[in-house]
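Listed below are the residues making up each chain.
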Amino acid sequence: MQVMTEHTERDGDYEHHGGFPVYAADPDNGGPHFGRLVEALRTVQDLAVSTAPPPEVIAQAAEQAEALAALLAPYTAPEGHYPAGRSVGLPGRGSLLMLPWTVEKFDRTGVRSTGVFRRYHMGGNGAAHGGVLPLLFDDLFGMITHAAGRPISRTGYLHVNYRKITPLETPLVVEGRVDRVDGRKTFVSARLTEPDGTLLADAEALMIVLLPGQP
Ligand SMILES: CCCCCCCCCCCC(=O)SCCNC(=O)CCNC(=O)[C@H](O)C(C)(C)COP(=O)(O)OP(=O)(O)OC[C@H]1O[C@@H](n2cnc3c(N)ncnc32)[C@H](O)[C@@H]1OP(=O)(O)O
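Residues numbered from 1 in each chain as written. Predicted model: local features only at pLDDT ≥ 70, side-chain atom pairs only at ≥ 80, totals over all residues. Heavy atoms only, no water.

### Some words on the pairing of strand 2 (residues 110-115)
- With five of six residues buried, strand 2 lies mostly within the body of the structure.
- By the bridge criterion, five bridges tie strand 1 (residues 102-107) to strand 2 in an arrangement that is antiparallel. Considered in strand 2, the bridge of Asp107 is made with Gly110.
- Between strand 1 and strand 2, which pair antiparallel one after the other, the connecting turn spans two residues. (Buried < 20%, exposed > 50% of the residue type's maximum accessible area, 1.4 Å probe, protein only. Helix = DSSP H or I, 4+ residues; strand = E, 2+ residues; numbered from the N terminus. Pairing = 2+ DSSP bridges.)

Okay, here's the thing in structure tokens:
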């Protein structure tokens, strides 16, 4: 997967739009144990929303969670200086906020990612929560804009059409592209499908190039 520092045909003013820090991919994906930590935390998230332990077990889990937080707290770092979000070799770039999906295609013609929605992402009656689909699409649109060599942009609007119930624990595909560029405006669209092509949701968005100094 290409990242900002490896781009070739981009706007000559690419690095200067907006007040964004410049991110670089972490070639080590956070080191030998980071991916394992993120996966363990995701499993804890799944279990935290789907288990009903007795009080003594909850107390024990709370103590262990508090101990883990205390272990990590001394190592907080500035934005762009921790592996979460920059570990492009890990699902969701190693960020717990992102869906744990894997980018399979990332170039000027578009981006494709595959993965599953897990128990943590459940809304009601066994289906994915409606709020996680915009998260998936928004991050994809950021990557699409970036892969197309467009300058640093933010989402102006994001429209999602929910076509069919999105299942959990089922391999899915999301793929999108730049449809049109008009000055600062990049119009993008994407589709979320099952592997056989069944459409679950589609989305379109407007990504707006930041002006110098815009946050
Ligand atoms: C390592 C891997 C990395 C991978 C990287 C992965 C990154 C993930 C990225 C995630 C992206 C996000 O979620 S960003 C977070 C969500 N988005 C935001 O918080 C944005 C908040 N909004 C803003 O900051 C502002 O609205 C801006 C900066 C986007 C635009 O403000 P502005 O600079 O004043 O521009 P403005 O004149 O209003 O708009 C410019 C043009 O766009 C049009 N426009 C603006 N908003 C809209 C709108 N909602 N609907 C229609 N059109 C609109 C205007 O009419 C105008 O058209 P015309 O008159 O010129 O024709």
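### Quick look at the site of the ligand
- If you check the shell around the ligand, you find 16 residues, and the closest are Asp138, Thr155, Arg184, Lys185 and Gln214.
- With respect to the ligand, the backbone of Gly156 contributes an N or O atom lying 3.4 Å from a nitrogen atom.
- Between an oxygen atom of the ligand and a side-chain N or O atom of Arg184, the distance comes to 2.8 Å.
- Its free accessible area being 1300 Å², the ligand has 53% of it covered by the protein chains.
- Counting residues per element, the ones that place at least two in the shell around the ligand are helix 3 (132-147), strand 3 (153-162) and strand 6 (199-209). (Near = heavy atom within 4 Å. Polar contact = N/O pair within 3.5 Å; in protein donor to acceptor, adjacent residues only side chain to side chain. Areas by Shrake-Rupley, 256 points an atom, 1.4 Å probe, with all protein chains shown as cover.)

### So, the pattern of salt bridges
- Using the criterion set out here, one finds eight salt bridges in the structure.
- Across the pair Arg118 and Asp46 runs a salt bridge whose closest N-O atoms are separated by 2.8 Å. Here the residue Arg118 occupies a position in the loop between strand 2 and helix 3, and Asp46 occupies one in helix 1 (residues 34-48), the gap between them amounting to 72 residues.
- With relative accessibility at 12%, the residue Arg118 sits in the buried group.
- Of the residues examined, Asp46 reaches a relative accessible area of 10% and is grouped as buried.
- Note that Arg112 and Glu104 form a salt bridge whose closest N and O atoms lie 3.6 Å from each other. (Salt bridge = Lys/Arg side-chain N within 4 Å of Asp/Glu carboxyl O.)

### Points about the nonpolar core
- Grouped together as the largest cluster of nonpolar side chains are 27 residues, with contacts concentrated most on Trp101, Phe117, Leu133, Phe137, Phe141 and Leu192.
- At the level of secondary structure, the elements contributing two or more residues to this core comprise helix 3, strand 4 (172-182), strand 5 (185-193) and strand 6.
- A per-element tally of this core places helix 3 first, with nine residues.
- In contact with Phe117, other than residues within four places in its own chain, are Leu99, Trp101, Ala128, Val132, Leu133, Leu136, Thr166, Pro167, Leu168, Glu169, Leu172 and Leu192. (Core = buried A, V, L, I, M, F, W, Y, C linked by side-chain atoms within 4.5 Å. Contact = heavy atoms within 4.5 Å.)

### A short note on the UniProt feature "domain: Thioesterase" (unreviewed entry) in the chain
- Mapped onto this structure's residue numbering, the UniProt feature "domain: Thioesterase" (unreviewed entry) falls at residues 125-200.
- Secondary structure over residues 125-200 splits into 21% helix and 42% strand, and the C-alpha atoms at its two ends are 16 Å apart. (UniProt positions renumbered as here; feature names shortened; annotations may be inferred.)

### A word on helix 1
- For helix 1, built from 15 residues, the straight-helix expectation of 21 Å at 1.5 Å per residue is met to within 8% by its first-to-last C-alpha distance of 21 Å.
- Within the sequence span of helix 1, burial applies to Phe34, Val38, Arg42, Gln45 and Asp46. Buried residues of helix 1, seen end-on, are gathered within an arc of 125° and therefore sit on one face of the element. Facing away from the buried side of helix 1, by more than 90 degrees, are the exposed residues Arg36, Val44 and Ala48. (Expected span 1.5 Å × (residues − 1). Arc of directions from axis to C-beta.)

### Focus: the packing of aromatic side chains
- Under the defined criterion, the tally for this structure stands at two aromatic pairs.
- Seen from their ring centres, Phe137 and Phe141 are 6.2 Å apart, and the 20° between their planes marks the pair as stacked. Linking Phe137 with Phe141, this pair stays in helix 3, spanning four residues, or about one helical turn.
- Judged by its relative accessible area of 0%, Phe141 is buried.
- For Arg180, the ring lying beneath its charged end belongs to Phe187, and the centroid distance is 4.1 Å. (Phe/Tyr/Trp six-rings, centres within 6.5 Å; stacked < 30°, edge-to-face > 60°. Lys NZ or Arg CZ within 6 Å of the ring centre and 35° of its normal.)

### Re a nonpolar patch on the surface
- Residues Leu68, Leu71 and Leu72 make up a contiguous nonpolar surface patch of roughly 260 Å² in combined accessible area.
- Tracing the sequence through the fold places Leu71 in helix 2 (residues 55-72). (Patch = residues over 30% accessible without salt bridge, like charges linked within 9 Å, V, L, I, M, F, W, Y side chains within 5 Å.)

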